[in-house]
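# Architecture and fold: a report
Each chain is listed here by its residues.
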Amino acid sequence: MTSFLTPLRTWHRPLVVCSVLMLGLVLVSGVGLVVDSRTLLDESVWVKPLKFGFAFALYAGTLAWLLTKLTKGRRLGRWLGTVFAVAATVEVGAITAQAARGTFSHFNADQADPVTLALVPLLTFGVMVIVIAQLILAVVVLIQRTGGAALNRAIRAGLALATFGMVVPVYWMVTEIHSRTVTDANGHAVQMYQGHGIGDPDGHGMPLTNWSVTGGDFRVPHFFALHGIQVLLLITAVLAALAAEHVWLRDEKVRARLVGSAALGYTGLVAVVTWQALRGQSLIHPDNATLLALAAVLLLTAATTAGTVVTARRAAAAPARAPEFPGPSATARGNAGETYGSWTYTGGSRDGKHLLTSDDLLSTECGPTGSR
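Residues numbered from 1 in each chain as written. Predicted model: local features only at pLDDT ≥ 70, side-chain atom pairs only at ≥ 80, totals over all residues. Heavy atoms only, no water.

With that settled, consider the pattern of salt bridges. Across all of its chains, the model carries five salt bridges by this definition. The residue D217 makes a salt bridge to R219 at a minimum N-O spacing of 2.7 Å. Exposure class is identical for D217 and R219. Each is buried. Taking the shortest distance from any N to any O, the salt bridge between R255 and E252 comes out at 2.4 Å. Highlighted residues: R255 and E252, both in helix α8 (residues 252–278), separated by three residues, approximately one helical turn. Judged by relative accessible area, R255 falls into the buried class, the value being 12%. (Salt bridge = Lys/Arg side-chain N within 4 Å of Asp/Glu carboxyl O. Buried < 20%, exposed > 50% of the residue type's maximum accessible area, 1.4 Å probe, protein only. Helix = DSSP H or I, 4+ residues; strand = E, 2+ residues; numbered from the N terminus.)

What follows is the structure in structure tokens.
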């Protein structure tokens, strides 16, 4: 458990500052939800800043802690952390500015608005910078050991999932082009080149998340994959805490296998919701194929977890075996009772090796000439 407890003062400072700023944005956006009635595509203009603020607060804080675990490439990792923090702050700042203006941030192709024309490149290139920094950070983490086996597995699997989650928006920005005109919160017509929905570009969203209920939505796998690292780190921490009460969990290898089972199941979940979105299907309206895939993921995860638990409990319950010592062989040379230094020959045939005993040594073997 101590491997989790890194002093806050050692965390990557730019990422900590980024995380604090994002938490502040969450509070401001929460107030905006209450006092500002303007909407974009039937949701409050402040929902998007709130979601991005929460997501980046959580992820930037996780990276700030993670960078304290680096033993190789520490300088590169800290530099990349700074790049990530700056890019994330600029990206979310542009999103917030557009929300406050009552218009769209991403996918906005309005050529008549000078502010939009200035901010859209920041939004586009900001995503690319964040993804590239994430990819390099993932490689830096993969080339080293950052803790015990369980923690290593959680970090590596979590970073792989987060990287996939950041690549998903880039994919849909390139492949899902749906040009159309929509109305912003000020009543102005805005040209859009894309939407979040698949099958229904704008869709009709769920409360708060606004994930489409009338089509697929890549924000679903984006969200689940991005926050997989926090889920796996939480599972690792819980297992480490439970090890104090359960003997069978004190073996690091057992906890690593359980984290691996959780990572397998979570990766399966991300794969299923990605496949579901690609087929233009809403998260809350799965068909039989989706339900069957989810059931397969659940059964596989349950089977690997149960197998690990049963094996570990049996090993912990098995009585400890006394150490075994070799008996005298028929080929020892030497005479019973002869003393060699502080060891005494225990007797037997002179034609081979024999076990010696001592007050200060449990056992040894006498060689063919009686020497130790």
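Core analysis: the biggest nonpolar cluster contains 55 residues, and L15, Y59, F84 and I155 have the highest contact counts within it. Elements that contribute at least two residues to this core include exactly α1 (13–35), α2 (47–66), α3 (74–100), α4 (114–142), α5 (149–175), α6 (219–226), α7 (228–242) and α8. Formed by 13 residues, the second largest nonpolar core is a distinct cluster that contains L40, F104, I198 and F218. (Core = buried A, V, L, I, M, F, W, Y, C linked by side-chain atoms within 4.5 Å.)

Under the definition given, this model contains seven aromatic pairs. In textbook terms, an aromatic cluster arises when at least three aromatic residues are bridged by ring pairs, as seen for F52, F56, Y59 and F84. The ring of W275 is capped by R279, whose NZ or CZ atom sits 3.8 Å from the centre of that ring. (Phe/Tyr/Trp six-rings, centres within 6.5 Å; stacked < 30°, edge-to-face > 60°. Lys NZ or Arg CZ within 6 Å of the ring centre and 35° of its normal.)

Among the surface-exposed residues, L76, W79, M128, I132, L135 and I136 lie close enough to one another that they form a single nonpolar patch of about 560 Å² accessible area. Those elements giving two or more residues to the nonpolar patch turn out to be α3 and α4. The greatest single-element share of the nonpolar patch, amounting to four residues, is contributed by α4. Positionally, L135 belongs in helix α4. (Patch = residues over 30% accessible without salt bridge, like charges linked within 9 Å, V, L, I, M, F, W, Y side chains within 5 Å. Areas by Shrake-Rupley, 256 points an atom, 1.4 Å probe, with all protein chains shown as cover.)

Burial along strand β3 (residues 180–183) is one-sided: R180 and V182 are buried, while T181 and T183, pointing the other way, are not. By the bridge criterion, four bridges tie β3 to strand β4 (residues 189–192) in an arrangement that is antiparallel. Following the sheet pairing, T181 is matched in β4 by Q191. Between β3 and β4, which pair antiparallel in sequence order, lie five residues; one of them, G187, sits at a positive phi of approximately 85°. (Pairing = 2+ DSSP bridges.)

Let's shift gears to the side chain of R219. Residue position: R219 is located in helix α6. A polar contact is formed between the side chain of R219 and the backbone oxygen of N210, at a distance of 2.8 Å. Ignoring anything within four residues of it in the chain, the contact list for R219 reads K51, W172, H196, T209, N210, W211 and S212. (Polar contact = N/O pair within 3.5 Å; in protein donor to acceptor, adjacent residues only side chain to side chain. Contact = heavy atoms within 4.5 Å.)

Among the structural elements, S19 can be located in helix α1. Contact partners of S19, with chain neighbours within four places excluded, come to A57, A60 and G61.

On to α2, then. The terminal C-alpha atoms of α2, which comprises 20 residues, lie 29 Å apart, in line with the 28 Å expected from a rise of 1.5 Å per residue. Where burial is concerned, most of α2 is hidden: 16 out of the 20 residues are buried. (Expected span 1.5 Å × (residues − 1).)

What follows is about the packing of α1 against α3. Each pair of packed helices can be described by the angle between their axes along with the distance between the axes. In contact at an axis separation of 8 Å, α1 and α3 are set at 20° when each is read in the N-to-C sense. Compared by their axis directions, α1 and α3 come out roughly parallel. Crossing angle aside, the handedness with which α1 passes α3 is left-handed. Mapping the contact onto sequence places R13, P14, L15, C18, L21, M22 and L25 in α1 and R78, G81, T82, F84, A85, A88, T89, V92 and T96 in α3. (Axes fitted to C-alpha atoms, helices over the stretch in contact; angles between N-to-C directions. Parallel < 35°, antiparallel > 145°, perpendicular 65-115°, else oblique. Left-handed = near helix turned anticlockwise from the far one by under 90°.)

To continue, consider the confidence of the model for the protein chain. Per-residue pLDDT for the protein chain averages 84, and the proportion of residues at 70 or more is 83%. Predicted confidence is poor over residues 329–334, with pLDDT under 50, and the contacts of this stretch with residues over four places away or in other chains come to 30 contacts. A low-confidence stretch, residues 336–372 (pLDDT under 50), is modelled with 83 contacts involving residues beyond four sequence positions or located in other chains. (pLDDT = per-residue confidence, 0-100.)

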